[in-house]
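Examining the three-dimensional arrangement
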Amino acid sequence: MLCLALVVLSVVVAMSGGFRVRLGAWRIAATSPYPLLLWALAIGIVRHFVSPAAPIYRDLPANLAAWWREPGVHTAAIVVAGTRPAILFVGYMALLTFGYPPGPEPPKQVNNELVNLPARWDANWYLGIATEGYQFVADKPGMQQSIAFFPAYPMLVRLVGRIFGGYVPGYLAAGMLVSLAAFFGALVYLYFLARDSLGEDEARFAVWLTAAYPFALFFSAIYAEPLLLLGLVATFYYFTNGRFGRAALFGVLVGLTKTNGFLLSIPLAMLAVSPLVGTKGWTGATGWMGNMPGLAGTGGTGRMGRTDGTGGTQNGSRIATALLAASAPGIGMLIYSAYIWRLTGDPLGWLRAHGAWGREYQGLAVLVGDRINIIANAGLQGYVASLPHDVLNALGVVFVLITAWPVARKLGLAYAVFILIFILPPLAAGGLISAGRFSSVLFPAFLWMAGAVPARHRGAWLASFAALQALNAAMFYTWRPLY
């Protein structure tokens, strides 16, 4: 794997000219692909003599074939191919038929409306970071600045964009590729997670629900949401199966992807301590906190320990490992905070930067009270007519909040807490701005719904979700506000 990573890095250096980075007194530079290729060759030779096993490239075709035969992979591929091009087509046709509203048009990355279609709203911030890195102007505190956007997604776009030639069209293609690949991976993990807790049929429906959701249009946009969804679902999947190393890696990814990603540590910590606070013994059954088969055994002799007097120590060790893995999202946030501290002198500069977008704490009471006053004075129809984008975002919020209680009963309290802490703080600090987009990654709502909706009603739900997603796509791609 290290050899392959060096080869990929050498390709990037060959196409982009390389990079020079200073980390304090250390200077890291890679401006030629040849030293990297020589290192890859040397490591491969050493590995062959130290451990003469079959190299990865020989096993890779068989492993890929076995992976492709997984039903979850097939389902995810069909869903991505069946929904993402359709949403982009709706956006392009809306642009051709409705056009832009009066006023400034969106920034033009290229002079081709079809190629420029993905460059909408925050996508331009991500593309700016991918092409030029982070910029910070210290003497303009009210100015919108790129440090508000976490680095994992734009850095991936930067890497792939350089492989695609390092020009603007290449970065646009890279952004779409990263988003679609991340969404595909997220659906695969979602299928596995749903299959473990609900069954094969419900798992397929959960994947379709996620892709049809009205705000799922952001999974085919140059936005961080598809990468965030991948990190969230994969972290829960590996964590609940006791594979804490992989869970920690994806947890760090979550912490480096979005502002509130570090909050994932809270429900993970709840799952980690769930065997101590009331789950049904060590049987692996779903308790009130959540399902943690990775911390469970069978009849007292499972992974967590033994019944010979040493189980308590082993149980404590596994829980400590789980808690350490639960801290990974917070560690990801701290890594970015350290970079921002070096860049701006303020480790929480990324948080304060959101004030330029109107995200100042007002509390939930103000949000609810304002909407009640509008409805009381103008009526429900007046509210919808005057603030249609507000209503659309409110529908997403109401949906996930309604599901929180049944999610707690079906999947466990940790999953409901995950929903609440990922949707309520943004509401308190920014109202309904982007609230629908935030709700799109709250996958426990779709897991619960997949198990609750009767099979005969599924088509109607998917059709209703897809119709609203088409409306949102038409607004988004024609530069109409979908905050």
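Residues numbered from 1 in each chain as written. Predicted model: local features only at pLDDT ≥ 70, side-chain atom pairs only at ≥ 80, totals over all residues. Heavy atoms only, no water.

1. Description of the overall build of the protein
- If you tally the helices and strands in the protein, you get 21 helices and two strands.
- For 483 residues, the compact-globule estimate of 2.2 N^0.38 gives 23 Å, and the protein sits close to it at 24 Å.
- When the backbone C-alpha atoms are referred to their principal axes, the protein occupies close to 70 × 60 × 45 Å.
- The buried share among the 483 residues of the protein stands at 48%.
- Residue pairs at least 24 apart in sequence account for 69% of intrachain contacts in the protein once pairs closer than 6 positions are excluded.
- For the protein, the accessible surface area stands at approximately 22,500 Å², while carbon and sulfur atoms represent 67% of it. (Helix = DSSP H or I, 4+ residues; strand = E, 2+ residues; numbered from the N terminus. Rg over C-alpha atoms; globule rule 2.2 N^0.38 Å. Buried < 20%, exposed > 50% of the residue type's maximum accessible area, 1.4 Å probe, protein only. Contact = heavy atoms within 4.5 Å. Areas by Shrake-Rupley, 256 points an atom, 1.4 Å probe, with all protein chains shown as cover.)

2. A short note on the confidence of the model for the protein
- Averaged over all residues, the pLDDT of the protein equals 88, while 90% of them reach at least 70.
- Across residues 279-286, confidence stays below pLDDT 50; counting only partners more than four residues off in sequence or on other chains, it has 22 contacts.
- For residues 294-309, every residue scores under 50 in pLDDT, and the model assigns this stretch 45 contacts once sequence neighbours within four places are set aside. (pLDDT = per-residue confidence, 0-100.)

3. Some thoughts on the nonpolar core
- Formed by 129 residues in total, the largest nonpolar core has its most connected members in Leu232, Phe236, Phe239, Phe418 and Phe443.
- The biggest single contributor to this core is helix H8 (residues 168-197), with 17 residues.
- Leu6, Ala30, Leu36 and Ala40 belong to the second-largest nonpolar core, a separate cluster that totals five residues. (Core = buried A, V, L, I, M, F, W, Y, C linked by side-chain atoms within 4.5 Å.)

4. Some words on helix H11 (residues 244-255)
- Compared with the 16 Å implied by 1.5 Å per residue over 12 residues, the 16 Å span of H11 between its first and last C-alpha is a close match.
- Turning to H11, its buried residues number three or more, namely Phe244, Ala247, Phe250, Gly251, Val254 and Gly255. Each buried residue of H11 lies within a common arc of 145 degrees when the element is viewed along its axis, so the set occupies one face. For H11, the exposed residues set more than 90 degrees away from the buried face come down to Gly245 and Leu249. (Expected span 1.5 Å × (residues − 1). Arc of directions from axis to C-beta.)

5. So, the pattern of salt bridges
- Counted under the stated rule, the structure contains 10 salt bridges.
- Here Asp201 and Arg204 are joined by a salt bridge, their closest N and O atoms 3.6 Å apart. In this pair, Asp201 and Arg204 both sit in helix H9 (residues 200-212), three residues apart, roughly one turn of the helix.
- One salt bridge in this structure joins Asp346 and Arg352, with 2.6 Å as the shortest N-O distance.
- Under the relative-accessibility criterion, Asp346 is labelled partly exposed at 22%.
- In this structure, a network of salt bridges that share partners links the residues Asp122, Glu225, Lys258 and Arg437. (Salt bridge = Lys/Arg side-chain N within 4 Å of Asp/Glu carboxyl O.)

6. Looking at unusual backbone geometry
- Its identity as a non-glycine residue notwithstanding, Ser434 has a phi of 65 degrees, on the positive side.
- Along the chain, Ser434 turns up in the loop between helix H18 (413-430) and helix H19 (435-439).
- Using a relative accessible area of 10% as the deciding quantity, one classes Ser434 as buried.
- A positive phi angle, near 65 degrees, is found at Trp479, a position not held by glycine.
- Position of Trp479 relative to the elements: it lies in the segment after helix H21 (458-477).

7. Description of H8
- For H8, spanning 30 residues, the distance from its first C-alpha to its last is 43 Å, which sits close to the expected 44 Å at 1.5 Å a residue.
- With 21 of 30 residues buried, H8 lies mostly within the body of the structure.
- Of the residues trailing H8, Gly199 is marked for its positive phi of about 130 degrees.

8. Thoughts on the packing of aromatic side chains
- According to the stated counting rule, one finds 37 aromatic pairs in the structure shown.
- Aromatic side chains Phe183 and Phe219 sit 4.7 Å apart centroid to centroid with 15 degrees between the ring planes, which places their arrangement in the stacked category. Within this pair, whereas Phe183 is found in helix H8, its partner Phe219 is found in the loop between H9 and helix H10 (225-240), the two being separated by 36 residues in sequence. The same class applies to Phe183 and to Phe219, which are both buried.
- An aromatic cluster is defined as three or more aromatic residues linked by ring pairs; in this entry it consists of Trp125, Tyr126, Phe149, Tyr153, Phe218, Tyr223, Trp357, Phe476 and Tyr477. (Phe/Tyr/Trp six-rings, centres within 6.5 Å; stacked < 30°, edge-to-face > 60°.)

9. Let's talk about the environment of Ser327
- As for its position among the elements, Ser327 is in the loop between helix H13 (311-326) and helix H14 (328-344).
- Judged by relative accessible area, which is 27%, Ser327 ranks as partly exposed.
- Taking the C-alpha atoms as reference, Ser327 lies 9.6 Å from Leu263; in sequence the two are 64 residues apart.

10. Some details on the environment of Pro85
- Summarising the element assignment, Pro85 is placed in helix H4 (residues 71-97).
- For the pair Pro85 and Val277, spaced 192 residues apart in the sequence, the C-alpha separation amounts to 46 Å.

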